[in-house]
Amino acid sequence: MLLVERFRMDTIGILYGELFSKRSNKLDMGEYLERIVCNTIQSFKGFDHSIQVSVSCGKLDVSSKQASDIAIIVNEVCINACKFAFKGDEGIFSVSLQEGNDSLELIIADSGNGFPPDFDFHNASSFGLSMIKVLAESLEASISVESKASGLSYKLCIPKDE
């Protein structure tokens, strides 16, 4: 339990470090999200794992508020994937954050075994899933979850900050 809390704190620490080093309230999300995902997987699985990480984001700048909420969502999904999705130390974890005309599209996916067939994401009460739902609401984002035997994916459509 304390290990998971450390990951949550590390995510915020990386955010503030990035913001402080750039002296800006905007953040390049590609580099930031890749650091968070790699740190979390490495902390759970060690250096000797075969989990492939893919972060597709480019030079997208978002506000510090959106960056922190998005990062915590990505971190929570990554923690859950490390705990439940991957059989052994193999798999794929991907994050895509793309900019549309008036929104951001965040897709987070893993190649794990998905939720059990009778699992209802919207009524789940675990801390991590509750946090994902609360942060999506804070971002005014729509969220959908697709669970298959070949993996789990979350899709959030987030209105852009002005």
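Calculation notes
Residues numbered from 1 in each chain as written. Predicted model: local features only at pLDDT ≥ 70, side-chain atom pairs only at ≥ 80, totals over all residues. Heavy atoms only, no water. Axes fitted to C-alpha atoms, helices over the stretch in contact; angles between N-to-C directions. Helix = DSSP H or I, 4+ residues; strand = E, 2+ residues; numbered from the N terminus. Parallel < 35°, antiparallel > 145°, perpendicular 65-115°, else oblique. Left-handed = near helix turned anticlockwise from the far one by under 90°. Contact = heavy atoms within 4.5 Å. Nonpolar A, V, L, I, M, F, W, Y, C, P; charged D, E, K, R; others polar. Salt bridge = Lys/Arg side-chain N within 4 Å of Asp/Glu carboxyl O. Buried < 20%, exposed > 50% of the residue type's maximum accessible area, 1.4 Å probe, protein only. Pairing = 2+ DSSP bridges. Phe/Tyr/Trp six-rings, centres within 6.5 Å; stacked < 30°, edge-to-face > 60°. Lys NZ or Arg CZ within 6 Å of the ring centre and 35° of its normal.

Enquirer: Would you mind showing me how to read the packing of helix α3 (residues 64-85) against helix α4 (residues 127-138) here?
Expert: Angle between the axes and distance between the axes are the two parameters that describe a pair of packed helices. For the pair α3 and α4, the least separation of the axes is 9 Å and the interaxial angle reads 155°. It follows that α3 is roughly antiparallel to α4 by the angle criterion. Crossing geometry of α3 relative to α4 is assigned as left-handed. Contacts from Lys65, Asp69, Ile72, Ile73, Glu76, Val77 and Asn80 of α3 reach α4 at Gly128, Leu129, Met131, Ile132, Leu135, Ala136 and Ser138. For the contact of α3 with α4, a count of residues per class yields eight nonpolar, three polar and three charged.

Enquirer: Explanation requested: the environment of cysteine 157 in the structure shown.
Expert: Along the polypeptide, cysteine 157 turns up in strand β7 (residues 151-159). Considering only alpha carbons, one finds cysteine 157 and leucine 104, 53 residues apart in sequence, at a separation of 5.8 Å.

Enquirer: I keep staring at the pattern of salt bridges and nothing clicks. Help me out?
Expert: Pairs can form between side chains of opposite charge once their charged atoms are near each other. For the structure on display, the rule yields four salt bridges. A salt bridge links glutamate 99 to lysine 160, with the nearest nitrogen and oxygen atoms 2.9 Å apart. In this pair, glutamate 99 sits in strand β4 (residues 90-99) while lysine 160 sits in the segment after β7, placing the two residues 61 residues apart along the sequence. Classification of glutamate 99 as partly exposed rests on a relative accessible area of 49%.

Enquirer: Can you help me understand unusual backbone geometry in this one?
Expert: For residues besides glycine, phi is generally negative; the peptide bonds are generally trans as well. Unlike most non-glycine residues, glutamate 140 shows phi in positive territory, near 60°. Among the structural elements, glutamate 140 can be located in the loop between α4 and β6 (142-148).

Enquirer: Explain the sheet that holds β6 to me, please; I cannot follow it from the model alone.
Expert: Across a sheet, paired strands are connected by hydrogen bonds in the backbone, their directions being either parallel or antiparallel. Spatially, the five strands line up as an open sheet ordered β2-β4-β5-β7-β6, and their pairing is mixed. The outermost strands of the open sheet, each flanked by one partner alone, are β2 (50-56) and β6. Taking each pair of neighbouring strands and ignoring which way they run, the sheet shows an average axis angle of 10°. With seven bridges connecting them, β2 and β4 associate as parallel partners. Residue pairing across strands places isoleucine 51 opposite glycine 91, the latter belonging to β4. The sheet contacts of helix α2 (residues 29-45) involve β2 and β4, and relative to β2 the element is tilted by about 165°.

Enquirer: What's the story with the pairing of strand β5 (residues 103-110) in this structure? I'm lost.
Expert: The side chains of a regular strand alternate between the sheet's two faces. Of the pairings in the sheet, the one linking β4 to β5 comprises seven bridges and is antiparallel in character. Following the sheet pairing, valine 95 is matched in β5 by isoleucine 108. What sits between β4 and β5 in their antiparallel hairpin is a turn of three residues. Two strands pair when backbone bridges link them, and β5 and β7 are joined in this way by eight bridges, in the antiparallel orientation. By the bridge assignment, aspartate 110 is partnered in β7 with leucine 152.

Enquirer: Looking at this model, I keep getting lost on the packing of aromatic side chains. Mind explaining?
Expert: Each aromatic ring pair is summarised here by two numbers: the centre-to-centre distance and the angle between the ring planes. One pass over the full model with this rule turns up two aromatic pairs. Pairing phenylalanine 115 with phenylalanine 119 gives two aromatic rings, centres 4.1 Å apart and planes at 25°, and the pair type is stacked. In this structure phenylalanine 119 comes out as partly exposed when scored by relative accessible area, which is 33%. Over the aromatic face of phenylalanine 121 sits the side chain of lysine 133, whose NZ or CZ is 5.6 Å from the ring centroid.

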